[in-house]
Amino acid sequence: MIVTTTPSVEGRTITAYHGIAVGEAILGANVFRDIFAGITDIIGGRSGAYEQSLGEARATALRELEDRARTMGANAVVGVDLDYEVINNMLMVSASGTAVTIE
């Protein structure tokens, strides 16, 4: 499955549009990770725990996007957009795009 942020796939022709596909991932915050992230913020540096959680959430959302596009009959997703939101101490990552068939 080709997944791209561009509106087309270079060198390939879109032969069918299947609609909008979306994948979401919501991860709960961990109290200990929050404490250590706070310490990192105070002394400076990057929060590895949050970076790892963000990466996991992004990968999950994209995997779900691909799965949903596949069930729609698509072999690619174009125009993908990733959105991040914090809701009540939970991290939500949403991936959306247009499910298409390409040659």
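Taking an unreviewed UniProt entry as the reference, the protein is identified by name as UPF0145 protein EV663_101715 belonging to Rhodovulum bhavnagarense. Taken verbatim from the UniProt record of the protein, the Sequence similarities (unreviewed entry) comment is "Belongs to the UPF0145 family."

**Q** Tell me what's going on with the pattern of salt bridges, and back it up with residues and numbers.
**A** Evaluated as defined, the whole model comprises four salt bridges. For the salt bridge of Glu-64 with Arg-68, the shortest nitrogen-to-oxygen distance reads 3.0 Å. Here Arg-68 and Glu-64 lie together in helix α2 (residues 48–71), a separation of four residues that amounts to about one turn. Judged by its relative accessible area of 22%, Glu-64 is partly exposed. Of the residues examined, Arg-68 reaches a relative accessible area of 35% and is grouped as partly exposed. Note that Arg-70 and Glu-66 form a salt bridge whose closest N and O atoms lie 3.9 Å from each other. Remark: Glu-66 and Arg-70 occur in helix α2; sequence separation between them is four residues, near one turn of the helix.

**Q** With reference to specific residues and values, describe the sheet that holds strand β1 (residues 2–3).
**A** Strands sit in the order β1-β3-β4-β2 across an open sheet of four strands; the sheet is mixed. This sheet does not close on itself; its edge strands, each paired only once, are β1 and β2 (14–28). Where β1 and strand β3 (residues 76–87) come together, two bridges link them in parallel fashion. The residue bridging Ile-2 from the neighbouring strand is Ala-76, located in β3.

The rules behind these values
Residues numbered from 1 in each chain as written. Predicted model: local features only at pLDDT ≥ 70, side-chain atom pairs only at ≥ 80, totals over all residues. Heavy atoms only, no water. UniProt positions renumbered as here; feature names shortened; annotations may be inferred. Salt bridge = Lys/Arg side-chain N within 4 Å of Asp/Glu carboxyl O. Helix = DSSP H or I, 4+ residues; strand = E, 2+ residues; numbered from the N terminus. Buried < 20%, exposed > 50% of the residue type's maximum accessible area, 1.4 Å probe, protein only. Pairing = 2+ DSSP bridges.

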